[in-house]
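# Reading the structure
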Amino acid sequence: LIQGVVIPYSIDDFYETFLGNEAKYPREKFMVEKQKAENIESTKWHDTGDGFTLGRVYDYYNPNPAPMGPPMAQAKTEYTLQRYNRCGIQICCTTTVSGVPMSDCFVIENRILLEQTTDDAITIKVDCGLRFVKRTMFQKLIQVTSKGGIKKTWLDYIEWIKSCS
């Protein structure tokens, strides 16, 4: 989906600035400012039980660009984060949407890889997938519209990150 975007942070600085529980620019700030999300509730990062993986959950309402359904859609995103010392970070997130026609047919899955490429720069790669959990005759339409929206969201997030530095 997105590859090779370089931003001027070390892994440690990026984590502290954007990802940590006490981040100066947490994802919630992006969600409110750029996505116009509302009623965001999130948990703190916590150990998921294996001593290596952190987890957190966001519940929120996001603007719904779909021609059908309410103007704001309820969404839940579950994140896992694995940090490989100063080499990199892997973040996986699974998003479910409710209250929009056919939103119960699929789950959005993203994987974000942050790799330390120099002492003061990291490279970002974002992969995206839709997992259909129910059959629908609108599968192709959902894939096309969802992937376009997901790509735009991640590109907007990367630009927002760059503007914070």
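Residues numbered from 1 in each chain as written. Predicted model: local features only at pLDDT ≥ 70, side-chain atom pairs only at ≥ 80, totals over all residues. Heavy atoms only, no water.

### Points about the pairing of strand 4 (residues 53–63)
Filter applied, for reference: Strands are labelled as partners when DSSP assigns at least two bridges between them. By definition, any uninterrupted DSSP run of H or I lasting at least four residues is a helix, any uninterrupted run of E lasting at least two residues is a strand, and each is numbered from the N terminus.
Pairing geometry for strand 2 (residues 38–42) and strand 4, over 3 bridges, is antiparallel. Its bridge partner being in strand 4, Glu-41 is matched across the sheet by Asp-59. Where strand 3 (residues 46–47) lies against strand 4, 2 bridges are found, and the strand directions are antiparallel. Opposite His-46, over in strand 4, you have Gly-55 as the bridge partner. Connecting strand 3 to the next strand, strand 4, in antiparallel fashion are 5 residues, including Gly-49 with a positive phi near 120 degrees. As defined by bridge partners, strand 4 adjoins strand 5 (residues 72–84) across 11 bridges and the pair is classed as antiparallel. Across the sheet, the residue bridging to Gly-55 is Thr-80, located in strand 5.

### Observations regarding the packing of aromatic side chains
The geometry of an aromatic ring pair comes down to the distance between the two centres and the angle between the two planes. Keep this limit in mind: Here a Phe, Tyr or Trp ring, Trp counted by its six-membered ring, pairs with any other such ring whose centre lies within 6.5 Å, and the pair is stacked when the planes are under 30 degrees apart, edge-to-face when over 60, and tilted otherwise. Working definition: with a 1.4 Å probe on protein chains only, accessible area under 20% of the residue-type maximum means buried, over 50% means exposed, and in between means partly exposed.
Tallied over the entire structure, the rule returns 13 aromatic pairs. Centroid distance Phe-30 to Tyr-157: 4.9 Å. Interplanar angle 65 degrees. Geometry classified as edge-to-face. Pair noted here: Phe-30 is in helix 2 (residues 27–33) and Tyr-157 is in helix 3 (residues 139–164), with a separation of 127 residues, a long-range link. The residues Phe-30 and Tyr-157 share a single accessibility class, namely buried.

### A short note on the layout of surface pockets
As a reminder, the rule being used: In this analysis the probe radius is 1.4 Å and the grid spacing 1 Å, with only protein atoms considered; a cavity is a set of points the probe fits into but cannot get out of, a pocket is an open set with protein on both sides within 12 Å along at least five of seven lines, and lining residues have an atom within 4 Å of a point. Grid points are joined across faces, edges and corners, and a volume is the space filled by probe spheres set on the points. When residues are sorted by character, Ala, Val, Leu, Ile, Met, Phe, Trp, Tyr, Cys and Pro go into the nonpolar class, Asp, Glu, Lys and Arg into the charged class, and all the rest, Gly among them, into the polar class.
Counted as a void, the largest pocket has a volume near 1,200 Å³. Residue lining of the largest pocket: 40 residues in total, with Pro-63, Asn-64, Pro-65, Ile-108 and Ser-146 positioned closest to the centre. No other element matches helix 3, which puts 10 residues into the lining of the largest pocket. Here the lining of the largest pocket is built from residues that sort into 24 nonpolar, 11 polar and 5 charged.

Just geometry here; none of it tells us what the structure is for.
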